[in-house]
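# Summary of the model geometry
What follows is the residue order along each chain.
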Amino acid sequence: MTERGRRRALPLLLTVLVASSSLLLSGSVLSGAVTTPAAAAEGIDPAEGDGHTSHDACDPGDAEALSARTLEGLDGVVRGPEPSDATAAAYERDLERRLAADPSARTSPEARGDAPHRIKVRVYVHVIKPSTKAKAVSRAKIRRQIKVMNRAYAGKQWSQARSARFRFSVKKVDTAVNKSWYYASLGSKASRKMRKELHRGKKRDLNLYIGAPTERGGLQLLGYATFPQRAKKKLATDGVVIHKDSMPGGRFRGYNKGDTAVHETGHWLGLYHTFHGGCGKKNDRVADTPAERVPSFECPKGRDTCPSPGLDPIHNFMDYSYDRCMHHFTPGQIDRMRKLWRVYRR
């Protein structure tokens, strides 16, 4: 199939990245959540484990619009506003100030990600239901989701991947019945209230909210997350929100092997998208991720959208490729995650 044919075959996908003066969130949005025979075929049998093979947030304020613009050449795919250069620069300046105050975070083996020390992250899972009669996400599915995250952050989805040495374990699972929270979209008051009321633990603990976040027009959000730079001041709204159908065995064809949680947790640990900043020199602030003009959808091998060296990082967890296509973080991304952990979440 040609590149143009692949693009036309894509489901309607909307990605929203909203920045405000007080908090930055990242979100991915997928439309077409209706189960089809093809989508059902993507489901994972319980006997297959996590579904992967080893393949060699926060009201943005009234001034923020979720209006989208069409990406050239990508039918049905739109993006919201990227975080402004000023916002990203402010986060980076804050990081540099904190690194200057703690030079060991910049140079230690632990910060570089190559020390034997493994960072253990406790996960508080909040399952949201729209009604008392609705079926809740099962403990078994939650375990499978956490297994996917652990494999991804241990570098086990690809033989050449490096381990980031983060280990996630479920501390507690609770269930809440609230229709507005269940559908709470990026930047909504319902989302902010949900997280303020349900949040548990400290800044080093991951709060994972599972529902069916929905944007206007019925668009289904894959997920969204807060960044670590705000954890100290906005801890009550810190965390990751994912759509239940992005979990292993979910209904979202192409995005149902659990890597949405991996991707959003990458934001929670401080990573930008691989296409952040497009072909600019700073882009995602990680030197070893090749520049990428626009996000990758499906799995377009050999894609190269920027004149700088290197093909687009379509296999990187921080792109928008299908789950089956994403399988690693780069050493530079690992270095950044561990540095920001030491600076903001330790």
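Residues numbered from 1 in each chain as written. Predicted model: local features only at pLDDT ≥ 70, side-chain atom pairs only at ≥ 80, totals over all residues. Heavy atoms only, no water.

### Observations concerning the pairing of strand β7 (residues 206-211)
A large share of β7 lies buried, amounting to six of its six residues. Alternating residues of β7 divide into L206, L208 and I210 and N207, Y209 and G211, and every residue in both groups is buried. Bridge analysis of strand β5 (residues 119-129) against β7 gives five bridges, and the strand direction is parallel. Counterpart to V127 in the pairing with β7 is I210. Of the strand pairs in this sheet, β7 and strand β10 (residues 240-243) are connected by four bridges, and their pairing is parallel. Bridging from a neighbouring strand, G211 pairs with H243 of β10. (Buried < 20%, exposed > 50% of the residue type's maximum accessible area, 1.4 Å probe, protein only. Helix = DSSP H or I, 4+ residues; strand = E, 2+ residues; numbered from the N terminus. Pairing = 2+ DSSP bridges.)

### Considerations on the environment of Y182
Relative to the elements of secondary structure, Y182 occurs in helix α7 (residues 179-182). Residues contacting Y182, with those up to four places away along its chain left out, are I128, K129, P130, G211, A212, P213 and K244. (Contact = heavy atoms within 4.5 Å.)

### Concerning the packing of helix α6 (residues 139-153) against helix α9 (residues 259-268)
Direction vectors running N to C along α6 and α9 enclose 55°, while the axes themselves pass 8 Å from each other. The angle between the axes of α6 and α9 places the two elements in the oblique class. For the pair α6 and α9, the crossing hand works out as right-handed. In contact with Q145, V148, M149, A152 and Y153 of α6, α9 contributes D259, A261, V262, T265 and G266. (Axes fitted to C-alpha atoms, helices over the stretch in contact; angles between N-to-C directions. Parallel < 35°, antiparallel > 145°, perpendicular 65-115°, else oblique. Left-handed = near helix turned anticlockwise from the far one by under 90°.)

### A word on the state of the cysteines
Tallying each qualifying case throughout the model produces two disulfides. Between the sulfur atoms of C279 and its disulfide mate C306 the distance is 2.0 Å. The sign of the S-S torsion, about -90°, decides the handedness of the disulfide formed by C279 and C306: left-handed. Of this pair, C279 sits in the loop between α9 and α10 (331-345) while C306 sits in the loop between α9 and α10, and the two are 27 residues apart along the sequence. Residue C279 is classed as partly exposed on the basis of its relative accessible area, which comes to 36%. Note on cysteine connectivity: C299 is disulfide-linked to C325, with sulfurs 2.2 Å apart. Its S-S torsion of approximately 65° makes the covalent link between C299 and C325 right-handed. On the criterion of sequence distance, the pair formed by C299 in the loop between α9 and α10 and C325 in the loop between α9 and α10 is long-range, its members being 26 residues apart. Relative accessible area serves as the criterion here: at 14%, C299 is assigned to the buried category. When its relative accessible area of 2% is taken as the criterion, C325 is described as buried. Each bonded cysteine of the chain gets a number by its place in the sequence, and the pairs then read 1-3, 2-4. (Disulfide = S-S within 2.5 Å.)

### Things to note about unusual backbone geometry
Excluding glycine, most residues fall at negative phi; most peptide bonds, likewise, are trans. Of note, the phi angle at R165 is positive, near 60°, even though the residue is not glycine. Within the secondary structure, R165 sits in the loop between α6 and β6 (166-177).

### Remarks on the nonpolar core
Core analysis: the biggest nonpolar cluster contains 35 residues, and I142, Y153, F166, F168, F329 and M337 have the highest contact counts within it. Elements with a contribution of two residues or more to this core: β5, α6, β6, β7, β10, α9 and α10. Among the elements that line this core, the one with the most residues is α6, at six residues. Ranked by size, the runner-up nonpolar core spans 14 residues in total, among them L186, A212, Y224 and V241. (Core = buried A, V, L, I, M, F, W, Y, C linked by side-chain atoms within 4.5 Å.)

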